[in-house]
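# Chains, contacts and geometry: an overview
Each chain is listed here by its residues.
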Amino acid sequence: INPEITVGKTRATWTPYVYVVMGNLLKVLTCTDLEQEPNFFLDFENAQPTEAERETWDEVDVVLKDALAILDELQAYKGAGQEIREAIQNPNDEALQDQAWAAVVPLVGKLKKFYEFSQRLEAALHSLLRALTSETYDDPTQHLEREQALAKQFAEILHFTLCFDELKMTNPAIQNDFSYYRRTLSRMRINNVPAEGENEVNNELANRISLFYADATPMLKTLSDGTTKFVSENKNLPIENTTDVLSTMASVCKVMLETPEYRSRFSSEETVSFCLRVMVGVIILYDYVHPVGAFVKSSKIDMKGCIKVLRDQPPNSVEGLLNALRYTTKHLNDESTTKTIKSMLQ
């Protein structure tokens, strides 16, 4: 074997024969250009901002501090299904109409708050992308390795996004409550009945909120639209600068999860779950933003390796993440996706 082969971030040099015989055994290589995967430990548990990161970190931290409370509120969201049903079944009973309206109005206040948080999250994502694609460092690996606190925040945004969407998908009350609110508000306006002002949502905002919740994975759509918008607004920045940050993050998560000496540095099993979720989130984001997606042969993400890492986890612990790859990606069912990858996700 050529002595230049190392397990750092340098380029590997192989003789063709060794590569054919040992390529599958020495899986430090990605499937593209025989370049080595980024090989460093991204400290998702303890990364602290350097002076250079501080301004962006502070800006994003304000948003992330509210993320946990948003998830708690969404998890506790029970909806007004009972009150709405009774009001619809008894249209002439004014007391029941009032009860349903009184139950729905504060809930719509929460739904509006969640939607407005998605806008703040998109702005935070833009701040991080600006920092992680800047010319401060030569490539995404250097950015993620040297700006670990920002990389951790980027991971936390992805983690929040998948958690939010999982909760939303299993809660049909959200769309039912909002639909009832809009129908009732419309009727009140026609009859010139004053509506409660505090949580009233004007028509334009109601349309935007309605579109937001109509999507199966609204936060993920916000992030993918936001990333696409970032690319189109920064025309002087090659799209690869952005997609390479995403593919590198996926590789870093995969390498940490499959490398015992890295994985043993996690102080909690929750960090393993966090890492898995971030890996999946960043794959989905890449699949939306990259012109041909994550599943083609030329993809900079080792999809087979990532799926294998998921499959190697305890049964049932990653079914939700496998489903996210199956049902919320954009290019999985394209003809360009290899049969191997499709069968791995069946």
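Residues numbered from 1 in each chain as written. Predicted model: local features only at pLDDT ≥ 70, side-chain atom pairs only at ≥ 80, totals over all residues. Heavy atoms only, no water.

## Considerations on helix H4 (residues 94-132)
Applicable threshold: Runs of E in the DSSP output that reach at least two residues are strands. Runs of H or I that reach at least four are helices, and both are numbered from the N terminus. Working rule for helices: expected span equals 1.5 Å times residues minus one. Here a polar contact means two N or O atoms within 3.5 Å. Within protein one must be a hydrogen donor candidate and the other an acceptor candidate, and residues neighboring in sequence count only if both atoms are side-chain atoms.
With 39 residues, H4 extends 57 Å between its outermost C-alpha atoms, agreeing within 8% with the 57 Å of an ideal straight helix rising 1.5 Å per residue. In this structure Asp93 caps H4, since a side-chain oxygen of it lies 3.1 Å from the backbone nitrogen of Ala95.

## Some remarks on the environment of His143
In this fold, His143 is placed in helix H5 (residues 140-146). His143 sits 102 residues away from Val245 along the chain, and the two C-alpha atoms are 8.3 Å apart.

## Concerning the confidence of the model for the chain
Any region with low pLDDT has predicted coordinates that should not be read closely. Stated precisely, the cut-off is as follows: Per-residue confidence from the predictor is reported as pLDDT, which spans 0 to 100. Only heavy atoms enter the contact rule, under which two residues are in contact if any of them lie within 4.5 Å.
Per-residue pLDDT for the chain averages 81, and the proportion of residues at 70 or more is 85%. Per-residue pLDDT stays below 50 along residues 1-34; that stretch engages in 46 contacts with residues further than four places along the chain or on separate chains.

## Thoughts on the nonpolar core
Keep this limit in mind: Remark: nonpolar core denotes a set of buried residues (Ala, Val, Leu, Ile, Met, Phe, Trp, Tyr, Cys) joined through side-chain atoms within 4.5 Å. The rule is simple: take the accessible area with a 1.4 Å probe, protein chains only, and divide by the maximum for that residue type; under 20% is buried, over 50% is exposed, in between is partly exposed.
Residues Phe154 and Met249 are the most contacted members of the largest nonpolar core, which totals 100 residues. For this core, the leading source of residues is H4, giving 18 residues. Sequence-distant contacts of Phe154, defined by excluding residues within four places in its chain, comprise Leu125, Leu128, Leu132, Leu246, Met249, Val282 and Leu285.

## Digging into the layout of surface pockets
Rules: Computed over the protein atoms alone on a 1 Å grid, cavities are sets of points where a 1.4 Å probe fits but cannot get out and pockets are open sets with protein on both sides within 12 Å along at least five of seven lines; a residue lines them when it has an atom within 4 Å of a point. Grid points are joined across faces, edges and corners, and a volume is the space filled by probe spheres set on the points. As a working rule, the residues Ala, Val, Leu, Ile, Met, Phe, Trp, Tyr, Cys and Pro are called nonpolar, Asp, Glu, Lys and Arg charged, and the rest polar, with Gly in that last group.
Roughly 570 Å³ of volume is contained in the largest pocket. What lines the largest pocket is a set of 23 residues, and nearest its centre among them are Leu68, Lys152, Glu156, His159 and Phe274. Where the lining of the largest pocket is concerned, the elements lending two or more residues are helix H2 (51-75), helix H6 (148-169) and helix H12 (269-289). Here the element with the most residues in the lining of the largest pocket is H2; it accounts for 7 residues. When the residues that make up the lining of the largest pocket are grouped by side-chain class, the tally is 11 nonpolar, 5 polar and 7 charged.

## Regarding the pattern of salt bridges
Keep this limit in mind: The working definition used for a salt bridge is a side-chain nitrogen of Lys or Arg within 4 Å of a carboxyl oxygen of Asp or Glu.
Summed over the entire model, instances satisfying the criterion amount to 14 salt bridges. Close ionic contact of Asp225 with Lys221 constitutes a salt bridge, the shortest N to O distance being 2.7 Å. Taken together, the residues span about one helical turn, with Asp225 and Lys221 both in helix H9 (residues 218-233) at a distance of 4 residues. Classification of Asp225 by relative accessible area gives partly exposed; the value is 38%. Note that Lys308 is salt-bridged to Asp312, the shortest N-O span being 2.8 Å. Taken together, the shared-partner salt bridges in this structure form one network comprising Lys254, Glu258 and Asp302.

## Details of the side chain of Thr248
Here Thr248 shows up in helix H10 (residues 239-258). Exposure remark for Thr248: the relative accessible area of 9% places this residue in the buried category. Side-chain polar atoms of Thr248 contact the backbone oxygen of Asp244, separated by 2.5 Å.

## Considering the environment of Pro172
Along the polypeptide, Pro172 turns up in the loop between H6 and helix H7 (173-190). Accessibility expressed as a relative area gives 58% for Pro172, which makes it exposed. Note: C-alpha distance between Pro172 and Gly79 (93 residues apart in sequence) is 8.7 Å.

## Focus on H10
For H10, with 20 residues, the first-to-last C-alpha span of 29 Å sits near the 28 Å given by 1.5 Å per residue. A large share of H10 lies buried, amounting to 16 of its 20 residues.

## Here's the deal with the packing of H7 against helix H8 (residues 203-214)
What counts here: Whenever a helix is involved, its axis is fitted only over the stretch in contact; in every case the axis is a line through C-alpha atoms, and angles between N-to-C directions fall within 0 to 180 degrees. Here the word oblique covers every angle except those under 35 degrees (roughly parallel), over 145 (roughly antiparallel) and from 65 to 115 (roughly perpendicular). In a left-handed crossing the near helix is turned counterclockwise from the far helix by less than a right angle, and in a right-handed crossing that turn is clockwise.
Where H7 contacts H8, the axes come no closer than 10 Å and their chain directions differ by 160°. As the angle between them shows, H7 and H8 are arranged roughly antiparallel. For H7 against H8, the interelement crossing comes out left-handed. Across the interface between the two elements, Ile174, Gln175, Phe178, Arg182 and Arg189 from H7 touch Asn203, Ala206, Asn207, Ile209, Ser210, Tyr213 and Ala214 from H8.

## Remarks on the packing of helix H3 (residues 81-89) against H7
Across the interface, H3 lies against H7 with an axial gap of 10 Å and an inter-helix angle of 40°. What the angle tells us is that H3 and H7 run oblique. Between H3 and H7 the crossing geometry is left-handed. Note on element contacts: H7 touches H3 through Asn176, Asp177, Tyr180 and Arg183, opposite Gly81, Ile84, Ala87 and Ile88. Split into classes, the residues belonging to the contact of H3 with H7 amount to 4 nonpolar, 2 polar and 2 charged.

## A closer look at the environment of Gln153
With respect to the helices and strands, Gln153 occurs in helix H6. Residues Gln153 and Phe44, spaced 109 residues apart in sequence, show a C-alpha to C-alpha distance of 8.8 Å. Look past the residues within four positions of Gln153 in its chain and what remains in contact with it is Thr56, Trp57, Val60, Asp61, Leu64 and Leu128.

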